[in-house]
Amino acid sequence: MQNANCKMQIGGRAVDRRRASALRYLSALMLIYGASGIAARADVFELSSGGWLEGELVKTNEADKSNYTISLATGGRVTIPRSEVSKIDNVSVDEAEYQKLARSSPDTVEGHWKMAEWCRQHNLRSDRQQHLERILELDPNHVASRTALGFHKQDGQWMNRDDVMASRGLELYQGRYLAPQQIELLKQQKESRVTQADWTNRIEQLRRWLVGHRQDRAAQAHAEILSIHDPQAADAVVAALHRETVPDLKRMWIDVASRLDARSAIDALVNLSLSDPDAEIRNDCLEYLIKTRRVGLAVPYIRALKDKDNTIVNRAGAALGQIGDRDAMGALIDALITKHRVKVSDANSDQHAYTFSKDGGVFSFGGSGPQYVVQSLRNRAVLDALVKLSDGSNFEYDQIQWRRWLAAQSKATPVDIRRDP
């Protein structure tokens, strides 16, 4: 029995409880009945009385499901009530054979190395590791075992992979070796995802309270929403803003979003200021953005000057006039006149029409579907923004004159090119 239990203590660590239980039962049965009595695959039935049986569960067609029929490893069958079986463990062919070999294997370097190799060939990884660790207890400088366990010799000392990586300033985190700064960032991102999920659930609940029948909850929800300043709430607030159909509540979400220092909140307000069908909502979004003095606020509106929709181009121009960033003047000059594809009629299915203009200002085409023209359109809101930013200068839609004026303004602005000593 001492040899049979030796495997359980290898490396000083306990094996999995369930597996250890099955192996213990099987080992004892082997000693009682002999190795020749072991089946190819064994079920170990732990009895509520404290004993156990080893064999294979027999499938029967009987309607009575209150009993187990077991084909015993020692021969014969037995039927016992299910209520008397507290647990059934299963041991594979390889595990059964391993237990037989481990029971007779000597507690020596050679014996454990032989068992480790057998485990490697039969893919019993945890058992192999325990044998390798036991070898190192017996012979700390056993090279083959050190190598198999992932050790490397560095500066005369054996170091495993964790030690080597630690010497490089790396730590194991979720299966990868990373720098502590990377690990901290991943942890923060994980916490952020959890926080965002919490905010989503909370904001959905507050929205329900706002329109519920209980006035006390509605007042509590309104006050709590207006007190939100956590950037982690931005995605949930933006989602609520996009879903909102009640104008007053939509303005409330806009107010909250404008105070959040988060890219998603800023982008949402910019998009609404350009595309919302309600002019008051568009104006509210822009006013909130201007009031918060966001750095680089003009950038998304400058990009919108190239939008394929002429309405968006003019709204972007008007917004730039309100923002007051003179760095946008070059882009505004380029957007004074823009080309857009405009639907002019529905063409007859048997007609084909093509129209060109010499100056390239109009190109139309027709056929079996609607007829469109590409037109050069003058953008009044863009011109108004230029006049405002230039302090009253007005060259109408003459882009050449505007560019000359802008160049002259740049030259007139003194630039100190001296370097500090």
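Quick caveat: nothing in here was measured; it's all calculated off a predicted structure.

Definitions and cut-offs
Residues numbered from 1 in each chain as written. Predicted model: local features only at pLDDT ≥ 70, side-chain atom pairs only at ≥ 80, totals over all residues. Heavy atoms only, no water. Salt bridge = Lys/Arg side-chain N within 4 Å of Asp/Glu carboxyl O. Helix = DSSP H or I, 4+ residues; strand = E, 2+ residues; numbered from the N terminus. Buried < 20%, exposed > 50% of the residue type's maximum accessible area, 1.4 Å probe, protein only. Phe/Tyr/Trp six-rings, centres within 6.5 Å; stacked < 30°, edge-to-face > 60°. Lys NZ or Arg CZ within 6 Å of the ring centre and 35° of its normal. Pairing = 2+ DSSP bridges.

Draft legend 1. The arrangement of the pattern of salt bridges in detail. Under the defined criterion, the tally for this structure stands at 15 salt bridges. R134 serves as the salt-bridge partner of D107, at 2.8 Å between the closest nitrogen and oxygen. Separated by 27 residues along the polypeptide, D107 in the loop between α3 (93-104) and α4 (109-121) and R134 in helix α5 (residues 125-138) bring together distant segments of the chain. For D107, a relative accessible area of 35% gives the class partly exposed. Note that D384 is salt-bridged to R380, the shortest N-O span being 3.2 Å. Of this pair, D384 and R380 both sit in helix α17 (residues 380-389), 4 residues apart, roughly one helical turn. Classification of D384 as partly exposed rests on a relative accessible area of 38%. Taking relative accessible area as the criterion, R380 reaches 46% and is therefore assigned partly exposed.

Draft legend 2. How the structure looks around the packing of aromatic side chains. One pass over the structure, following the stated rule, counts 4 aromatic pairs. With a centroid separation of 6.0 Å and 80° between ring planes, the pair formed by W402 and W405 is classed as edge-to-face. Here the residue W402 and the residue W405 both occupy positions in helix α18 (residues 399-412), the gap between them amounting to 3 residues, near one helical turn. Here W402 matches W405 in class, with each residue buried. Taken together, F395, W402 and W405 form an aromatic cluster joined through their ring pairs. The residue whose ring lies beneath R146 is F151, and the NZ or CZ to ring-centre distance is 4.6 Å. Over the ring of Y372 we find R341; its NZ or CZ atom is 3.8 Å from the centre of that ring.

Draft legend 3. Just the pairing of strand β4 (residues 77-81), in detail. Both strand β3 (residues 67-72) and β4 contribute to a ladder of 5 bridges, which runs antiparallel. Counted as the bridge partner of Y68 is I80 from β4. What sits between the antiparallel neighbours β3 and β4 is a turn of 4 residues, in which G75 has the positive phi angle 105°.

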